Amino acid sequence: PIPCVPWQSQTSGQYQRRVHGENSGDIKQASEILQEVQVETIGSMELEEKCEFLLEQFRLTLENNDFVRSDLVMKKVAPEKLADNEKSRDLKDRYYHLQIRYYKTNSNYLEVCKAYQKLFELKKTAADAWQEPLKNAVIFISMAPFDSEVSDIRHHLKDEKLISKLENSRKLLELLTTDVIMKWPLDGRRIKEKSFH
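Scope of this entry: the structure provided in the associated data block. (Residues numbered from 1 in each chain as written. Predicted model: local features only at pLDDT ≥ 70, side-chain atom pairs only at ≥ 80, totals over all residues. Heavy atoms only, no water.)

### Details of the environment of A144
Now for step 1: Position of A144 relative to the elements: it lies in the loop between α9 (131-143) and α10 (148-159).
Now for step 2: Taking the relative accessible area as the measure of exposure, A144 reaches 5% and is therefore buried.
Now for step 3: Along the primary structure A144 and C113 are separated by 31 residues, whereas in three dimensions their C-alpha atoms are 8.6 Å apart.
Now for step 4: Beyond its immediate sequence surroundings of up to four residues, A144 is in contact with Y109, L110, V150 and R154. (Helix = DSSP H or I, 4+ residues; strand = E, 2+ residues; numbered from the N terminus. Buried < 20%, exposed > 50% of the residue type's maximum accessible area, 1.4 Å probe, protein only. Contact = heavy atoms within 4.5 Å.)

Right, dumping it as structure tokens:
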């Protein structure tokens, strides 16, 4: 069952119809019901409640493969405005994971990398939670079409202190930031990565 939060109680009829639609497998109906919520209701919500609501809309539009609406809803979320507390970090984590899922659908590897960078910054102080986001940021920036922004991000990632703890990611960045012609795809013996998520 989906947990009830204050915005769901404000629109209880719509919430019940959405949950019923989602539980019965009708993601499209659940998504449409959430889209019907009045702008006034959303405007009167606290920032964290609004973010929770928009993340649910974002998730359902992705589930429904409605990428035009997904893009619109994604742009309404402003994670940088959230306070720095446990609940806000959870909301940011969910937002960046949804962003990654959205950008992967259209192979926008640069934006996937940026979302992984945000996750890395969010989890940098956690024990080992920072490793996957950093490793994935390196993988996706290596697949992004080259331009000056991609070059800047590659150099920024290469200069990150924690990259030294990820040997294969560090080696890949060294190859990508050196001004020499190299064979691509890389020979599997030169860089062995266990997974590319």
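### A closer look at the packing of helix α5 (residues 47-63) against helix α7 (residues 86-105)
Now for step 1: At a closest axis distance of 10 Å, the pairing of α5 and α7 adopts a crossing angle of 25 degrees. With respect to α7, the axis of α5 lies roughly parallel. As α5 packs across α7, the resulting crossing turns out to be left-handed. Side by side, α5 and α7 meet where E48, C51, E52, L55, F58, R59, L62 and E63 of the first sit next to K87, S88, L91, R94, Y95, L98, Q99, R101 and Y102 of the second.
Now for step 2: Across the contact of α5 with α7, the residue classes break down as eight nonpolar, two polar and seven charged. (Axes fitted to C-alpha atoms, helices over the stretch in contact; angles between N-to-C directions. Parallel < 35°, antiparallel > 145°, perpendicular 65-115°, else oblique. Left-handed = near helix turned anticlockwise from the far one by under 90°. Nonpolar A, V, L, I, M, F, W, Y, C, P; charged D, E, K, R; others polar.)

### Description of the environment of L55
Now for step 1: Considering the arrangement of structural elements, one finds L55 in helix α5.
Now for step 2: Residue classification places L55 among the buried positions, given a relative accessible area of 1%.
Now for step 3: Along the backbone, L55 and K92 are 37 residues apart, and their C-alpha atoms lie at a distance of 9.6 Å.
Now for step 4: Sequence-distant contacts of L55, that is, excluding residues within four places in its chain, are made with L91, R94, Y95 and L98.

### Notes on the packing of aromatic side chains
Now for step 1: Taken as a whole, this structure holds seven aromatic pairs when the rule is applied.
Now for step 2: On the numbers, 5.2 Å between centres and 65 degrees between planes, the contact of Y102 with Y103 is edge-to-face.
Now for step 3: What makes Y103 buried here is its relative accessible area of 12%.
Now for step 4: In this structure an aromatic cluster arises from ring pairing among F58, Y95, Y96, Y102 and Y103. (Phe/Tyr/Trp six-rings, centres within 6.5 Å; stacked < 30°, edge-to-face > 60°.)

### Observations concerning the pattern of salt bridges
Now for step 1: For the structure on display, the rule yields 16 salt bridges.
Now for step 2: The shortest N-O distance in the salt bridge between D93 and K123 comes to 3.1 Å. Taken as a pair, D93 in helix α7 and K123 in helix α8 (residues 109-123) lie far apart in primary sequence, 30 residues in all.
Now for step 3: Residue D93 is classed as buried on the basis of its relative accessible area of 18%.
Now for step 4: Taking the relative accessible area as the measure of exposure, K123 reaches 23% and is therefore partly exposed.
Now for step 5: The shortest N-O distance in the salt bridge between E167 and R170 comes to 2.6 Å. With E167 and R170 both in helix α11 (residues 167-177) and three residues apart, this pair spans about one turn of that helix.
Now for step 6: One connected set of salt bridges, linked through shared partners, spans E167, R170, K171 and E174. (Salt bridge = Lys/Arg side-chain N within 4 Å of Asp/Glu carboxyl O.)

### Quick notes on the side chain of R154
Now for step 1: Mapped onto the elements of the fold, R154 is located in helix α10.
Now for step 2: Within the buried core, R154 has no salt-bridge partner, and the shortest N-O distance to an opposite charge, that of D147, equals 8.3 Å.
Now for step 3: R154 has contacts with I141, S142, A144, F146, L173, L176 and T177, leaving out every residue within four places of it along the chain. (Lys, Arg positive; Asp, Glu negative; His and termini not counted.)

### Structural notes on the nonpolar core
Now for step 1: Ranked by size, the top nonpolar core spans 41 residues in total, and within it F58, Y95, C113, Y116, L134, I141 and L157 carry the most contacts.
Now for step 2: The residues contacting F58, other than those within four sequence positions of it, are S70, V73, M74, Y95, L98, Q99 and Y102. (Core = buried A, V, L, I, M, F, W, Y, C linked by side-chain atoms within 4.5 Å.)

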